[in-house]
Amino acid sequence: MHERDVVIIGGGVIGCSIAYYLAKRGARVTVLERDLFGSHASSAAAGILGAQLEMDGPGPLSELCLKSRSMFPDLASELYRLTGIDIELIRAGIMHIAWTPEEAEMLRHRGALQRSRGEVADWWDRDRVRSLEPAVSDQIEGALYIPRDSHVSPARLTRAFSFAAELLGAEMIERCEVTSLRIEKDRVEGVESDRGTFRAEHVVLAAGAWTVTLAKQLGVHLPVVPMKGESLAVFPRRARFERTLFAEGCYLVPKADGKVIVGATERGGDFTEWVTTDAIRCLTSKAVRLVPDLAESTFIRAWASVRPSSPDGLPYVGRMGHYRNLFVATSHFRNGILLSPITGQRIADLIAGEEVPDIEPFSPNRLLSDDSSQQ
Ligand code: FAD
């Protein structure tokens, strides 16, 4: 018998959530993080819980997003009780802005679809939007208002998951880079790192955009597509608004501490984590178009990281290849914060040997191929 039940590689929001849900079940867990917990995509996010915002139609991903969103109110209280960390869940809703009559038509249609599925989504014309949020530009056509979508602080959420897991007995190790996996037949026998070998009954790959490198060591190609994103934060001097504003190419998220997050660029195939002046120029001009008074705001800082995505737009959550004790959880793209609770809970269920039908469509095996074909 091994000294631990599960080793998780990667301490972003996904790895830390899995550790939390496993530790709650009493599993002996170790998380290995190359840098600091939450130091990559998970603290670069805006923290939007946009289950309806991202919904184009029915499907397994949309169902999973809705289920995960519904977990947040209880999760926020649970994590606060355990750790004293407030994840700053703000339930003020999101306005999906239309600039043109064509966009307005598309959003009205989307709203009708969402209402037919029992969700709340109301079309507001320009005057209604501006009567509630006078800071919004008078050039917009209107907005689809989605009251149930919300947002959290992603850095606080990741910290709360990791601290809660630790309080429940998990071993949380930073500055520990996994260098290889030791394979015997159909099992991962050990995880090699720059701080020694870790053995466990089960191994979870949750290394975000970098999971592709670890999968390669198993001789398989798991297509994880890096999608760089840059964002910035400003402190508004005059403009005040309460709801998240989401428009083509730009969103504005008013946070609990008064700052506004302006996001985000998207650039495929780029692993760099620096901010370009072009990104700052593009994002600030779109932000000022949407809320003109933001021109008076104070610039706080800008940052960048890499979202893990996949060629078919679905995350990978499930058992990996023919290995009996290997699992993967990554490629949540723009929704990793939103999907973190359900991913953690479902992976913990799977490791405990339970049937988890709602994650079957996300099996990594759907796109897994022999690495030799990728040379
Ligand atoms: P990461 O946070 O990148 O964590 C992976 C970790 O694995 C890293 O810390 C890394 O150091 C570690 N690692 C890698 N290789 C190794 C190794 N060999 N050994 C040990 N450790 C290793 N999502 C939302 O839901 N809402 C949003 O509003 C939102 N906005 C976003 C805005 C931007 C600009 C960006 C970039 C992302 C946004 N996202 C959002 C997406 C979300 O941030 C990601 O989907 C999520 O953070 C992915 O989490 P992760 O744990 O898989 O990856």
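Here's the deal with the domain arrangement of the protein
Per the domain assignment, the segments making up the protein are domain 1 (2-67 + 154-221 + 313-374) and domain 2 (91-148 + 226-309). On a C-alpha basis, the centroid separation for the pair domain 1 and domain 2 is 29 Å. Contacts between the two partners involve 25 residues from domain 1, matched on the other side by 28 residues from domain 2. Between domain 1 and domain 2 the total buried area reaches about 2,300 Å² when both faces are included, carbon and sulfur atoms providing 59% of it.

Digging into the layout of surface pockets
A probe matching the size of a water molecule, rolled over the atoms, marks out where space remains unfilled. When its volume is computed, the second largest pocket comes out at roughly 260 Å³. The wall of the second largest pocket is formed by 14 residues, among which Ser 153, Pro 154, Ala 155, Lys 259 and Ile 261 lie closest to the centre. Among the secondary structure elements, those contributing two or more residues to the lining of the second largest pocket are helix 6 (154-167) and strand 19 (298-309). With four residues, helix 6 is the largest single contributor of residues to the lining of the second largest pocket. Grouping the amino acids of the lining of the second largest pocket by side-chain chemistry returns five nonpolar, two polar and seven charged. The residues that make up the lining of the second largest pocket include at least three from each of domain 1 (2-67 + 154-221 + 313-374) and domain 2 (91-148 + 226-309).

Thoughts on helix 9 (residues 340-351)
Between the first and last C-alpha of helix 9 there are 17 Å, a value that for twelve residues agrees with the 16 Å anticipated at 1.5 Å per step. Among all positions in helix 9, only Ser 340, Pro 341, Ile 342, Thr 343, Gly 344, Arg 346, Ile 347, Ala 348, Asp 349, Leu 350 and Ile 351 are buried. Downstream of helix 9 by one or two residues, Gly 353 has phi in the positive range, about 90 degrees.

Digging into the sheet that holds strand 11 (residues 196-198)
An order of 9-10-11 is seen for the three strands of this open sheet, with the pairing classed as antiparallel. The open sheet has two free edges, formed respectively by strand 9 (178-184) and strand 11, since each of these has just one partner strand. Mean inter-strand twist for the sheet, computed between neighbouring axes without regard to direction, equals 25 degrees.

Quick word on the site of the ligand
With respect to spatial proximity, 37 residues lie near the ligand, and among them Glu 33, Ser 42, Ile 48, Phe 333 and Arg 334 are the closest. In this structure, an oxygen atom belonging to the ligand sits 3.1 Å away from a main-chain N or O atom of Gly 47. In this structure, Phe 333 approaches the ligand through a main-chain N or O atom, which is 2.8 Å from an oxygen atom. Mapped by element, the contributors of at least two residues to the shell around the ligand are helix 1 (13-24), helix 2 (41-44), strand 14 (225-235) and strand 19. Tallying contributions element by element places helix 2 first for the shell around the ligand, with three residues. Its residues assigned to classes, the shell around the ligand comprises 19 nonpolar, twelve polar and six charged.

About the criteria used
- Residue positions are counted from 1 within each chain, in the order its sequence is given.
- Predicted model: local features are reported for residues with pLDDT of at least 70 only, side-chain atom pairs are reported and counted for 80 or more only, and whole-chain, interface and lining totals are derived from all residues.
- To get the side-chain values, take all heavy atoms of the structure and skip hydrogens and water.
- Boundaries between domains were set according to an automatic or database domain assignment.
- Here, residues are in contact when the closest pair of their heavy atoms is within 4.5 Å.
- Buried area counts how much accessible surface, traced with a 1.4 Å probe, disappears from two parts once they are put together, with both parts' losses summed.
- Every definition here rests on a 1 Å grid over the protein atoms only: cavities are sets of points where a 1.4 Å probe fits but cannot get out, pockets are open sets enclosed by protein on both sides within 12 Å along at least five of seven lines, and lining residues have some atom within 4 Å of a point.
- Grid points are joined across faces, edges and corners, and a volume is the space filled by probe spheres set on the points.
- Secondary structure is summarised from DSSP: a helix means a run of H or I of at least four residues, a strand means a run of E of at least two, and numbering begins at the N terminus for each.
- Three categories are distinguished: nonpolar for Ala, Val, Leu, Ile, Met, Phe, Trp, Tyr, Cys and Pro, charged for Asp, Glu, Lys and Arg, and polar for the others, with Gly belonging to the last.
- An expected span of 1.5 Å times one less than the residue number is assigned to each helix.
- Exposure categories follow from relative accessible area, calculated using a 1.4 Å probe and restricted to protein chains: below 20% of the type maximum is buried, above 50% is exposed, and the middle band is partly exposed.
- At least two DSSP bridges between two strands are needed for those strands to be called paired.
- A fitted line through C-alpha atoms represents every axis, and for helices the fit uses only the stretch in contact; the resulting angles, taken between N-to-C directions, go from 0 to 180 degrees.
- Only heavy atoms are used to decide nearness, and a residue is near a molecule or strand if one of them lies within 4 Å of it.
- For the purposes of these results, a polar contact is taken to be a pair of N or O atoms within 3.5 Å, where, inside protein, one atom must be able to donate a hydrogen and its partner to accept one; residues adjacent in sequence count only when each atom of the pair is a side-chain atom.

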